[in-house]
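# Fold and geometry: a report
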Amino acid sequence: MISILIPSWNVERYLAETLDCVRSIPGDDWECIVVDDGSTDGTGALAESYAAKDTRMRVIHKPHGGLASARNAGIAHSRGDYIFPLDGDDLIDPSYPIRAAEYLKTHENVLVTCCITVKFGVENGIFEQPDYSFAQLLCNNLICCCSCFRKKDLLRVGGYDESLKVLEDWDLLIRLLAEGGEVYRIPEPLFFYRQRARSLMSSSTADADRLEARKKIFRKHIDLYLKYFDCDPILTFEERKIILASGRLKLGTFLVFPLTLLRAVARKLRRSRFVAKIPSPPISPPMDQVTVSVIIPVYNTGEMLRETVRSVCEQTITDWELWLIDDGSEEETAKIAGSFTDARIHYFRQDNRGMAAARNRGIELARGRYLAFLDHDDLWKPDKLEKQLAVFQEKPETGLTASPVEFFFPDGRVAPQNEPILADQNQYEELLKHNLIKSASCIMIPRRVFLEQKHLRFRSAAEPCDDYDFYLRLLLEGFAIHETEIPLVRYRCHTNNASANVKRMNRTRLNVLKRQIGFIMGADQPFSVKMTRVIQVFRTILWLYRHSRDYQSGLNWE
């Protein structure tokens with residue numbers, strides 16, 4: 001049996017949603033224990049109302065003692081062999097507890113099963129965490145608080161430390177894994193961590209509690225830090241506080257360990273065999289939608305960006321918003337990107353992570369029913385959005401609409417696209433042979449595609465062919481692509497185009513094709529269809545190999 005423990009303190013506003021998702025867990029081989037930790041609102045009464053309707057649920061009332069105390073109380077009253085903590089304001093996929101416990105049943109060497117964590121609320125996105133190693137765990141908690149454990153393992157280490165107001169889960173993991181054992185992370189987003197707004201006072205208090213808890217954890221496990229890093233973390237911690245007090249380091253850049261410790265970590269860590277497939281976070285349609293969200297990734301584009309934005313402002317439809325995603329540009333470009341005064345234009349800056357990550361960030365921020373992408377150096381013709389919206393009205397099942405391009409050069413020359421448009425039949429096979437969609441600036445996608453296929457995003461590993469990789473995976477998911485007959489996009493040709501580096505484009509395209517094998521086998525399609533497409537991919541790779549020596553590495557499968 002799985003015991004799902006929900007410590008709750010004044011979460012009446014959120015608890016019903018949490019309990020509803022727990023009740024949707026299939027089967028009866030689980031119990032849910034809500035620990036009311038001395039709430040002063042209606043949390044306890046709400047939990048009792050759920051327990052009255054479902055015999056799998058129980059409620060424990062206790063004086064307020066903190067999160068660790070509430071979790072320990074739940075463990076003491078649990079009947080299951082597996083413990084699954086879940087806070088009273090967070091959410092889970094109903095399959096998560098069962099899958100996590102099943103993995104522990106079949107893998108004795110694994111002590112913890114967790115998953116990819118998605119944050120939602122005030123902040124939205126994936127918690128990007130490195131692969132597990134114990135040395136990394138000593139530096140920071142790599143494992144989500146909603147993980148699954150064997151009850152006997154928790155009892156062996158004495159449960160949660162009730163003297164810690166925060167970081168009690170990190171301390172527990174250090175004690176649990178100090179003598180060995182593995183961690184398995186399910187490579188899917190199954191835990192949804194609610195980010196709630198905090199007042200300035202509560203925020204500063206929480207930060208102070210975290211600092212004190214971190215110092216206490218250092219003291220408790222000083223032998224481990226000396227063993228793994230040959231240094232005393234408490235001393236370095238105090239040194240950092242002195243630097244902070246002198247004003248030489250901003251609080252936002254506070255580091256617990258000095259660079260020498262980080263170098264020690266780098267020497268000792270070895271890459272884990274587990275590589276998680278990190279999808280983008282799920283998105284929820286907001287209330288105040290516009291018709292089209294335009295997404296422009298920006299990186300050191302300079303003055304060309306003004307002309308690109310102007311081509312959006314001159315569209316024949318006006319119900320649009322524009323997101324400029326600045327991917328860590330230099331100061332001049334950042335000033336240009338942030339200088340537009342049209343209220344429909346929004347500016348968002350992030351650290352440099354590449355074109356695919358910038359597009360994915362735009363997908364998260366967009367409010368439109370349709371999403372259109374535009375590279376920072378290309379231009380749209382005035383009726384581009386209008387004509388593509390007409391395609392969706394005529395063919396509502398369309399998953400993506402594109403258009404041919406018109407190439408233009410610095411000397412004023414203009415040349416039309418000389419390749420045919422993508423036909424309505426055998427689209428996957430046609431795209432394998434040639435990418436007939438010349439630029440991401442050509443495409444428009446309904447928001448429903450990203451809502452229905454939460455894993456379908458642009459892959460950074462596929463750059464600069466991440467758009468080509470996206471089209472192929474979109475077709476594998478069963479969506480159709482329709483292309484207008486006339487060019488609606490002006491593609492700027494210059495020496496800094498990613499496509500100008502032919503060898504890099506060739507190598508990346510080959511890697512995209514090699515990855516298609518895995519995507520094909522994972523698709524929900526008949527086995528005969530999968531085999532046909534695998535053969536198509538092999539034929540394309542061999543064709544490329546015969547026509548260019550750049551593809552010689554194509555036979556060296558990773």
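This text follows the structure it describes.
First, a word on scope: everything that follows refers to the structure included in this document. (Residues numbered from 1 in each chain as written. Predicted model: local features only at pLDDT ≥ 70, side-chain atom pairs only at ≥ 80, totals over all residues. Heavy atoms only, no water.)

Moving on, we get to the overall build of the protein. Looking only at helices and strands, one finds 20 helices and 20 strands in the protein. Taking all 558 residues of the protein together, the buried fraction comes to 53%. Considering only residue pairs separated by 6 or more positions, the protein has 77% of its internal contacts joining residues 24 or more positions apart. About 26,500 Å² of surface is accessible on the protein, with carbon and sulfur atoms providing 52% of the total. (Helix = DSSP H or I, 4+ residues; strand = E, 2+ residues; numbered from the N terminus. Buried < 20%, exposed > 50% of the residue type's maximum accessible area, 1.4 Å probe, protein only. Contact = heavy atoms within 4.5 Å. Areas by Shrake-Rupley, 256 points an atom, 1.4 Å probe, with all protein chains shown as cover.)

A sheet is described by the order of its strands in space; here five strands give the open sequence β3-β2-β1-β4-β8, paired in mixed fashion. Each edge of the open sheet carries a strand with a single partner, namely β3 (57-62) and β8 (149-150). Alignment of strand β1 (residues 2-8) against strand β2 (residues 30-37), held across seven bridges, turns out to be parallel. The residue of β2 that forms the bridge with Ile2 is Trp30. (Pairing = 2+ DSSP bridges.)

Another point: helix α4 (residues 96-106). Buried within α4 we find Tyr96, Pro97, Ala100, Ala101 and Leu104. Seen from one end, α4 has its buried residues packed into an arc of 120 degrees, which puts them on one side. Among the structural elements, β1, β4 (82-85), β5 (91-92), β6 (110-121), β8 and β9 (182-195) are those in contact with the buried residues of α4. (Arc of directions from axis to C-beta.)

Let us look at helix α12 (residues 304-313). An α-helix turns once per 3.6 residues; consequently, residues spaced three or four apart project the same way. Taken residue by residue, α12 has Leu305, Thr308, Val309, Ser311 and Val312 as its buried positions. Along the long axis of α12, the arc covered by the buried residues comes to 150 degrees, so they all point the same way. Of the surrounding secondary structure, the elements contacted by the buried residues of α12 are β10 (292-298), β11 (320-327), α13 (331-337), β12 (345-350) and β14 (379-380).

Our focus in this paragraph is the sheet that holds strand β17 (residues 414-416). What holds strands together in a sheet is hydrogen bonding between their backbones, with the strands either parallel or antiparallel. Spatially, the four strands line up as an open sheet ordered β14-β20-β16-β17, and their pairing is mixed. In this open sheet, the two strands that pair with only one neighbour each are β14 and β17. In the sheet, strand β16 (residues 405-408) pairs with strand β20 (residues 489-492) via four bridges, with the strands oriented parallel. If you follow Val405 over to β20, its bridge partner there is Val489.

Our focus in this paragraph is unusual backbone geometry. Trans peptide bonds make up the majority, and among non-glycine residues the majority have a negative phi. Residue Pro464 follows Glu463 across a cis peptide bond; omega there is 5 degrees. For Asn10, which is not a glycine, the phi torsion comes out positive at approximately 55 degrees. The residue Asn10 is located in the loop between β1 and α1 (12-23) in this model. Accessibility expressed as a relative area gives 26% for Asn10, which makes it partly exposed. Phi is positive for Leu167, close to 60 degrees, though the residue is something other than glycine. Within the element layout of this structure, Leu167 appears in the loop between α6 (151-156) and α7 (168-177). A relative accessible area of 10% means that Leu167 is categorised as buried.

This paragraph deals with the environment of Thr106. Here Thr106 is to be found in helix α4. Of the polar contacts made by the side chain of Thr106, one reaches the backbone oxygen of Glu102; its length is 3.2 Å. (Polar contact = N/O pair within 3.5 Å; in protein donor to acceptor, adjacent residues only side chain to side chain.)

Everything listed here is a matter of coordinates, which is why it stays silent on function.
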